[in-house]
Amino acid sequence: MRHITLRLTDQQLELVTASLGADEAPDAPALVRLALRETADGVIRRAHPRTTGQPWQWWDGIDAADETTILQQTVLEAGTGKAFEVRAGQVLRVEQVTGDQCVDLNVFNLHDYREFMHVGRTRTLHGTNPSAGSFLWSAPPRERALMYLQTDTAGINDTLFPRCSANMYESIHGFAEHTNCADIQAEAQREYGLTPDDVHDSFNLFMATRVVDGMPEILRQSTAPGDHVELLALVDVLAVPNVCGNDIMGTSNFSLNPVRVSVQTATRQEIAAVPPLRSYATQRTPADFRQSEIRTERRLAKDPDYQPAFARTPVRLVDLPVELDETDVLRLKALHDRERYADEGDALRDVLLSWWVASHG
Ligand SMILES: [Zn+2]
């Protein structure tokens, strides 16, 4: 028998406790040995999925019909953009008129503009080029799906590039003034009282990109008249599409073209086709914030009464003693990454937690 001690944080111990509560093992050391055996034998079973949160019935109160109704339709001319109110259960449709046109998009919660689309989370969950079947997510601490990408006939959208800006065109080519997404967004958002600082990272519709040697790269695009993207709102949003101002890169095949934008009702079938979502207590709203007032003073000043209140600190460590028999000792020896872990307990903790994530994902 070999006695090994795993040092866990109390948060890590919660995972162990949850597994014991689900009868995955009779006690904590037995769970560690189970993790070790399944990992060493290469048979990690995804046998213990955890269900967290509650079903999110975002469609409650939406009275959808079998046919769609167009509520608003506009042609965005080259060099322009516009803010559209898209209520939950309505669809924003962006359609090519002549083809070849990239369109940048910003999205805000209509009732709380500080909640807005987070391209980073969207990229992490749906990849660098999200297409039909993806969601547009908001940033932590809100972190929920704002819109569902239900239709995408061209299949080229981008999350790698930030909006183009006036400074980009001046610094690269010396333009004193040039159509650019940052300023077009700001001008369109001004209709709702937002400032240029409120323009956030864009989801770039009809923008063909890829990563080469770790660097993002723009490709010429191939969209035809009638190609379109449809985004179904799950909450009331302000959606701001704009015709990308870039005519000196391949983004829109060296052209500036109009696009057609519609707001229309989602059909019953479209709402039913949205994959199920769950809601979580950690999707916090301003009512949950310790600091919920929005600053209006630009200069930052220290609060003399500030007391830090970080969650779950100081971090608590807990020792978990485990006994391993000869066979298990050999299993751990085979798995022990000595370059990373001098201590057997640290190596076994890695085995336990890697196993836990793999088998409960
Ligand atoms: Zn642009």
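Keep in mind it's a predicted model, so treat the numbers as computed, not measured.

Enquirer: So what's going on with the overall build of the protein? Which residues, and what values?
Expert: From N to C terminus, the protein includes eight helices and 18 strands. When burial is assessed residue by residue, the protein has 41% of its 361 residues classed as buried. A total accessible area of about 19,400 Å² is found for the protein, and carbon and sulfur atoms account for 50% of it. Charge-centre separation for the protein: the mean point of 35 positive side chains lies 5 Å from the mean point of 52 negative side chains.

Enquirer: Run through the packing of aromatic side chains, naming residues and quoting values.
Expert: Remark: the centre distance and the inter-plane angle together describe each pair of aromatic rings, the angle taken between the planes. Evaluation of the coordinates by the stated rule reveals four aromatic pairs. On the numbers, 5.9 Å between centres and 85 degrees between planes, the contact of Trp58 with Trp59 is edge-to-face. Residue classification places Trp59 among the partly exposed positions, given a relative accessible area of 37%. Their ring planes at 65 degrees and their centres at 5.8 Å tell us that Phe135 and Trp137 sit as a pair that is edge-to-face. By the burial criterion, Phe135 is buried, and Trp137 matches it.

Enquirer: Report on the side chain of Gln283, specifying residues and quantitative values.
Expert: Mapped onto the elements, Gln283 comes out in the loop between strand 17 (278-279) and strand 18 (317-324). When near neighbours in sequence (up to four residues on either side) are disregarded, Gln283 contacts Pro141, Arg142, Glu143, Arg144 and Arg278.

Enquirer: Which residues make up the coordination of the zinc ion, and what values go with them?
Expert: Here the zinc ion is held by the protein donor atoms Cys164 (SG), Cys181 (SG) and Cys244 (SG), which lie 2.2 to 2.3 Å from it. Along the chain, the residues donating to the zinc ion fall in the pattern C-x16-C-x62-C. Here Cys244 lies in the loop between strand 15 (237-243) and strand 16 (259-265) and Cys164 lies in the loop between strand 10 (157-158) and helix 4 (166-173), a separation of 80 residues in the sequence. Of the two residues examined, Cys164 and Cys244, each falls in the buried class.

Enquirer: Please set out the domain arrangement of the protein residue by residue, giving values where relevant.
Expert: With domains assigned, the protein is organised as domain 1 (1-44 + 322-338 + 354-361) and domain 2 (70-276). If you average the C-alpha positions of domain 1 and of domain 2, the two centres end up 46 Å apart.

Enquirer: Go over the nonpolar core, please, and point to the residues and values.
Expert: If you look at the biggest cluster of nonpolar residues, it comprises 41 residues, and the most contacted ones within it are Val86, Leu92, Met147, Leu232, Leu234 and Val237. Among all residues touching Val86, those that are not within four sequence positions of it are Val91, Leu92, Met147, Ala233, Val235, Asp236, Val237, Ala239 and Val263. With 23 residues, the next largest nonpolar core counts Val16, Leu31, Leu320 and Val351 among its residues.

Enquirer: Tell me about the pattern of salt bridges, residues and numbers included.
Expert: When charged atoms on two side chains of opposite charge get close, those side chains can pair. Applying the stated criterion to the full structure yields 25 salt bridges. As a salt-bridge pair, Asp41 and Arg331 come within 3.7 Å of each other at their nearest N and O atoms. A residue pair is termed long-range when its members are at least 10 positions apart, and Asp41 in helix 2 (residues 28-41) and Arg331 in helix 7 (residues 326-335) qualify at 290 residues. Its relative accessible area of 47% is what places Asp41 among the partly exposed residues. Across the salt bridge formed by Glu217 and Arg210, the nearest N and O atoms sit 2.8 Å from each other.

Enquirer: How would you summarise the environment of Asn242 if you had to cite specific residues and measurements?
Expert: Topologically, Asn242 is positioned in strand 15. When the C-alpha atoms of Asn242 and Thr122 are compared, they prove to be 20 Å apart, with 120 residues separating the residues in sequence. Aside from chain neighbours lying at most four places away, what touches Asn242 is Leu76, Thr80, Gly81, Cys102, Val103, Asp104, Cys181, Ile184 and Gln185.

Enquirer: Which residues make up unusual backbone geometry, and what values go with them?
Expert: Pro140 connects to Pro141 through a cis peptide bond whose omega is 5 degrees. If you trace the backbone, Pro141 turns up in the loop between strand 8 (135-137) and strand 9 (145-152). Phi at Asn253 is positive, roughly 55 degrees, even though this residue is not glycine. Checked against the element boundaries, Asn253 lands in the loop between strand 15 and strand 16.

Enquirer: How would you explain the pairing of strand 6 (residues 103-109) if you had to name every residue and give the values?
Expert: Counting buried positions over the seven residues of strand 6 gives seven, a clear majority of the element. The alternating pattern of strand 6 places Val103, Leu105, Val107 and Asn109 and Asp104, Asn106 and Phe108 on opposite faces, both of which are buried. As paired elements, strand 6 and strand 15 share seven bridges and run antiparallel to each other. If you follow Val103 over to strand 15, its bridge partner there is Val243. Two elements, strand 6 and strand 7 (residues 112-116), share two bridges in a ladder whose sense is antiparallel. Bridge pairing in strand 7 links Asn109 to Asp112.

What counts as what
Here the residue numbers are simple positions, counted from 1 along each chain's written sequence. Totals for whole chains, interfaces and linings use all residues, but because this is a predicted model, local features are given only for residues with pLDDT of at least 70 and pairs of side-chain atoms are given and counted only at 80 or more. Water and hydrogen atoms play no part in the side-chain values, which are based on all heavy atoms of the structure. Helix and strand labels come from DSSP, where a helix needs a run of H or I of at least four residues and a strand needs a run of E of at least two; each type is numbered from the N terminus. Categorising residues by exposure relies on relative accessible area from a 1.4 Å probe, with only protein chains included: less than 20% of the type maximum marks a residue as buried, more than 50% marks it as exposed, and the intermediate range marks it as partly exposed. Only the protein chains shown count as covering a residue, and every accessible area follows the Shrake-Rupley method with a 1.4 Å probe. In this tally, Lys and Arg are treated as positive and Asp and Glu as negative; His is ignored, and so are the chain termini. Where a charge lies is defined by one atom per residue type, namely NZ (Lys), CZ (Arg), CG (Asp) and CD (Glu). The criterion for an aromatic pair is that two Phe, Tyr or Trp rings (for Trp, the six-membered ring) have centres within 6.5 Å, with stacked assigned to planes under 30 degrees apart, edge-to-face to planes over 60 apart and tilted to the rest. Pairs of residues are marked as contacts when any of their non-hydrogen atoms sit within 4.5 Å. Only N, O and S atoms count as donors, using a 2.8 Å limit from the metal and a wider 3.2 Å limit for Na, K and Ca, and since water is excluded some coordination spheres may look unfilled. As annotated, the domain borders come from an automatic or database domain assignment. In these notes, a set of buried Ala, Val, Leu, Ile, Met, Phe, Trp, Tyr and Cys residues joined through side-chain atoms within 4.5 Å is what counts as a nonpolar core. By convention in these notes, a salt bridge is any Lys or Arg side-chain nitrogen within 4 Å of a carboxyl oxygen on Asp or Glu. Here, strands pair whenever DSSP counts at least two bridges between them.

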